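Chain and residue survey
The primary structure of each chain is shown beneath.
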Amino acid sequence: MNRDLIQQLHNIVGDAGLLCDDAVTSRSAGIWHQENLKATVLVRPKTTSEVSQILALCNAHKQPVVPQGGLTGLVHGADTNDKDLVLSLERLSGVESIDPIGRTLTVLAGTALEDIQKAADDAGLFFPLDLGARGSCQIGGNVATNAGGNRVIRYGMARALILGSETVLADGTVISSMNTMLKNNAGYDLKHLFIGSEGTLGIMTRFVLRLFPKPQSANTAMVAFEKFDDVPRLLNHIDEALGGQLSSYEVMWKDFYALVATAPHCKTPPLSTEHPFYALIEAQGTDQQADLAHFEKVLSEALENGVIIDAVIAQSQRERDNLWALRDSVDECNRFRPIYYFDVSLSIRHMESYIENVRREISHNFPDGQCFVFGHLGDGNLHLAVSPGHNDNNSHTKIEHIIYSPLASIGGSVSAEHGVGLEKKPYLHLSRSAEEIGLMKTLKQALDPNNILNPGKVFDLA
Ligand code: ZN
């Protein structure tokens, strides 16, 4: 990178905003990476105006820019190479304001998700976006990847929670659309261009988030099923019976449940490990006692009707936390190495045969392999953790083919919530038509003609 460019970057962000050489390469490349960050320069702007000046400068020099947030992504969407300039949003951070009447929160992109949840809670309100990385992921990354998580069934993905946004285009133009209203049909809703674009169309710097009333009750249960058909049957039944209170419906296939509910991770499983399917169910409502009584009634009816064969309902916050700890213990899969993680979407009606087919292929190709399945069934989103049982160069690609190929014919998606990044780029065509990808490229070329923003992520332009 030429010295003149570095000097001009310094003029914009000052000493504290510019890291070079060892100060860059001594940083971690991300929580899922073993190695350190590769880049020439890392800039840390404190304002939207600084982001704008940086991008205008980089665009003039055709200098690639890789935006980075909390680095908790799973698809190499923020990966860099030695020549890159990293634009970290870490100093562009903080909750700016909360409007308790309009139920909105205005925040800068580098703010940790957990800090936003806490600020909303302190104001007597609720920001529902939630995922395991809440303490380190940043809202800018959550929005740029349209994050999902554990409460999508009730509140939607990140996209549904953003009312307004401020975005800097590749040439430095600031598109400020800090809308605070639920309704605004005055022309195109431009924020949706940038949400989920993984930093390839613009760099989002500020948001107006939608807040919700704080739930006053939470009821949580773990249930077991004898056959897969009963899993969606119970989902539809309780969704109706709970009148909109259902907030999570997390399914676990037997092998995942048995892994997380037994030693060394868990002393006593809440339900025996012999059943083929389990679901963790949570409802959030308004009155703890009355809601618990109704929750118990709905589940005991399901037990009487044979839809579920066993159930345990948490009677305290501690028991609730213990049930969630099982679902959140995805790390236990790391006992098997190497291990590869997937997040696919497909209609519930295809899930059982799809997973049977994947398992058959995995055990045929990798006799020592392991396949753990769990996920947000209510959203049509399954997670798979697959280990080939041994290290060989082709196993990852072979497993990707086994998991992704069958999705095309059933209208599934190679990415439910993690995005595309570099990892799923070769498989994007399985979930998007040539015309869809063509339009994505047209938009990219229109908004970033010099291809400086996170180049090479999601798709290649050539
Ligand atoms: Zn997930």
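Summarised in this report is the structure supplied together with it. Each chain has its residues counted from 1, following the order in which its sequence is written. pLDDT decides what is reported in this predicted model: residues at 70 or higher carry local features, side-chain atom pairs at 80 or more are listed and counted, and totals for whole chains, interfaces and linings draw on all residues regardless. Side-chain descriptors were evaluated using all non-hydrogen atoms of the structure, hydrogens and water having been removed beforehand.

**Some points on the coordination of the zinc ion**
For the zinc ion, every protein donor is listed as H376 (NE2), H383 (NE2) and E417 (OE), and the spread of their distances is 1.9 to 2.1 Å. Donor residues binding the zinc ion come from one chain and are separated in sequence as H-x6-H-x33-E. Taken together, the residues span a long stretch of sequence, with H383 in strand β18 (residues 381–387) and E417 in the loop between α13 (395–409) and α14 (428–431) at a distance of 34 residues. For the pair H383 and E417, one class covers both residues: buried. For Na, K and Ca the donor cutoff is 3.2 Å, while for all other metals N, O and S atoms count as donors only within 2.8 Å; water does not appear among the atoms, so some sites may look incomplete. Segments assigned H or I by DSSP are reported as helices when at least four residues long, segments assigned E as strands when at least two residues long, and all are numbered from the N terminus. Burial classes: relative accessible area under 20% of the type maximum marks a residue as buried, over 50% as exposed, and values in between as partly exposed (1.4 Å probe, protein chains only).

**Section: the packing of aromatic side chains**
When two rings of Phe, Tyr or Trp (its six-membered ring) have centres within 6.5 Å they constitute a pair, described as stacked for plane angles under 30 degrees, edge-to-face for angles over 60, and tilted for the intermediate range. In the structure shown here, the tally under the stated rule is ten aromatic pairs. When the centroid spacing of 5.4 Å and the interplanar angle of 70 degrees are considered together, the rings of F228 and F277 count as edge-to-face. One end of the pair, F228, is in the loop between β12 (217–225) and α8 (230–241); the other, F277, is in strand β14 (residues 277–285), with 49 residues separating them in the sequence. Assessed through its relative accessible area of 3%, F228 is described here as buried. The buried category is assigned to F277, whose relative accessible area is 7%. Feature note: the residues F126, Y155 and F212 constitute an aromatic cluster, connected by ring pairs.

**What about the sheet that holds strand β16 (residues 340–345)?**
Strand pairing requires that DSSP identify at least two bridges connecting the strands. Taken in spatial order, the seven strands make up an open sheet running β15-β12-β14-β13-β17-β18-β16, and their pairing is antiparallel. Each end of this open sheet is capped by a strand with a single partner; those strands are β15 (310–313) and β16. Between one strand and the next, the sheet's axes are offset by a mean angle of 15 degrees, whatever the strand orientation. Judged from the four bridges that link them, β12 and β15 form a sheet pairing that is antiparallel. By the bridge assignment for β15, A221 is matched with I313. Packed on one face of the sheet, helix α10 (residues 288–304) meets β12, β14 and β15 and runs near 15 degrees to β12. Between N-to-C directions, angles span 0 to 180 degrees; the directions come from axes that are lines fitted to C-alpha atoms, helices contributing only their stretch in contact. Residue contacts are defined here by distance: any two heavy atoms, one from each residue, within 4.5 Å place the two residues in contact.

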